[in-house]
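Next come the chains, spelled out residue by residue.
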Amino acid sequence: MTPPLQPLWKQWHHRLLLKLRRYHCHQEHATARVLLLAAMGTVGMPLYYVVWHYFFPQEYDSLPLRGIGLVLCALGLWARHFSRRWLERYLLLTLTYVFSFFFSYMFLMNHASGVWGESLLIALVVLFHFDTALAWRAYVAGTVAACLAVLVPGHGHILLSRAVLQQLPIHWFTIAVLSAAKVSRDVLEQERLAGLGAGLATVAHELRTPLASVDANVRGLGRLARDATDTDRANRLDALGRIQFEVRHMHHMIDLFLLSATAVNRNLRPTESVCMGEAVAAVLARYPFASAAQRQAVVCDLRHDFHFAGQNELAVVILLNLLRNALKAIHRAGKGRVRIVIDGARPTPRLLFIDTACGVAPTQLPLIFRRFYSYPAHHGTGIGLALCKEIMEAWDATIRCVSRETAYAIFVLEFPTSRAANLR
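Cut-offs used in this document
- Residues numbered from 1 in each chain as written.
- Predicted model: local features only at pLDDT ≥ 70, side-chain atom pairs only at ≥ 80, totals over all residues.
- Heavy atoms only, no water.
- UniProt positions renumbered as here; feature names shortened; annotations may be inferred.
- Phe/Tyr/Trp six-rings, centres within 6.5 Å; stacked < 30°, edge-to-face > 60°.
- Helix = DSSP H or I, 4+ residues; strand = E, 2+ residues; numbered from the N terminus.
- Buried < 20%, exposed > 50% of the residue type's maximum accessible area, 1.4 Å probe, protein only.
- Lys NZ or Arg CZ within 6 Å of the ring centre and 35° of its normal.
- Patch = residues over 30% accessible without salt bridge, like charges linked within 9 Å, V, L, I, M, F, W, Y side chains within 5 Å.
- Areas by Shrake-Rupley, 256 points an atom, 1.4 Å probe, with all protein chains shown as cover.
- Salt bridge = Lys/Arg side-chain N within 4 Å of Asp/Glu carboxyl O.

If you look the chain up in an unreviewed UniProt entry, it shows as histidine kinase from Rugamonas fusca. Quoted straight from UniProt, the Catalytic activity (unreviewed entry) entry for the chain says "ATP + protein L-histidine = ADP + protein N-phospho-L-histidine."

(A) Main features of the packing of aromatic side chains. Summed over the entire model, instances satisfying the criterion amount to 19 aromatic pairs. Taken together, a centroid distance of 4.4 Å and an interplanar angle of 35° make the contact between Phe-308 and Phe-415 tilted. You can see Phe-308 sitting in strand β3 (residues 307-310) and its partner Phe-415 sitting in the segment after β7 (408-414), a full 107 residues away along the chain. Both residues of the pair, Phe-308 and Phe-415, count as buried. An aromatic cluster is defined as three or more aromatic residues linked by ring pairs; in this entry it consists of Tyr-60, Tyr-97, Phe-101 and Tyr-105. For the cation-ring pair, Arg-89 lies above Trp-86, with the distance from its terminal atom to the ring centre recorded as 4.9 Å. Looking at Lys-389, its charged tip hangs above the ring of Phe-369, at a distance of 5.7 Å from the centre.

(B) A look at a nonpolar patch on the surface. Side chains of Trp-136, Val-140, Val-144, Leu-148, Leu-151 and Val-152 sit close together on the surface and give an oily, nonpolar patch of about 570 Å² of accessible area. Within the secondary structure, Val-140 sits in helix α6 (residues 132-151). Residue classification places Val-140 among the partly exposed positions, given a relative accessible area of 44%.

The structure is reproduced here in structure tokens:
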């Protein structure tokens with residue numbers, strides 16, 4: 001490679017890695033995967049018909065079946081407009097047809113040829129990179145449908161041929177390895193979270209004793225300060241008040257860390273009907289604001305209250321994390337306010353958490369809900385927003401962020417209401 005091309009290659013390589021990283025950590029990860037799958041299928045279906053029909057002719061191919069696959073894949077290009085429920089249904093249908101039925105049927109109709117044997121194996125690898133339960137449903141349904149499509153016209157002998165049967169152990173071993181690898185990743189992540197929770201519990205235990213001692217000594221010094229002159233007493237009481245605030249703040253942060261750490265191992269499914277207005281009011285009353293000015297910088301705009309299916313304690317976790325992050329952003333920027341908008345009059349009730357501080361850089365925005373990712377770097381554990389998203393998804397709700405760097409960050413929380421009435 002000539003020297004002038006090296007900088008261009010490095011620049012292109014860096015951009016490619018950045019795009020891949022953003023894709024894998026995207027806040028709407030499922031939608032991004034569907035879009036990628038749809039784009040590949042929309043191109044691949046007609047392209048490989050040409051390849052296998054004209055350049056390397058196969059024993060059997062079907063333009064109508066490819067046409068159905070092409071239509072399904074093309075529909076996925078509008079995945080960003082799908083609701084979560086329709087996205088799940090679409091993904092199940094497309095995975096079942098394209099990666100299970102189509103490749104299995106073509107494999108059988110081509111009498112387990114090498115080309116289609118390898119194609120089916122690759123399709124299974126792609127399929128089982130999705131959620132394991134979803135992949136198994138798609139695999140079983142698509143494979144059974146393919147076998148019936150071969151059996152009904154009277155080609156049942158293909159199913160029992162040696163060429164087909166000898167591929168089954170390879171396919172099943174591949175599925176087993178992929179499933180085991182995914183379980184191992186999940187176990188490692190849970191162990192990491194459990195270790196983090198245990199570490200936070202130890203730190204909390206070690207901190208509470210000296211904090212209690214500091215608080216007791218502050219109260220004692222406060223009694224002594226009352227015997228001093230008016231000026232000295234005022235200065236000392238002010239300083240002691242600040243120390244007591246820091247002690248209360250530390251206790252609050254310990255409680256928040258412990259609550260966040262233990263929430264990752266608890267059942268997140270909704271069990272209560274939660275009133276959003278009451279939850280926000282409770283958090284604002286509970287949060288240890290540094291000063292009256294900081295408290296006045298937080299405004300709640302109650303347009304229309306609403307109930308949603310969730311858990312009161314976990315709702316507090318979400319709101320505390322968002323409020324703490326917003327106030328930290330204001331502190332870093334040296335400016336800004338926080339506005340909490342409760343808007344339950346919409347078809348989909350929502351909560352807006354708006355801060356006009358430093359915003360989030362466009363390159364970082366897709367990563368902020370990634371577990372163990374903190375922004376700015378080394379400013380937290382990286383479990384707060386990830387936990388918020390996990391809780392919201394367990395409630396069939398959504399959370400996303402819209403931001404403009406140096407200007408604002410808006411966290412949009414949208415809740416389904418159909419289940420809330422049943423939990424009252």
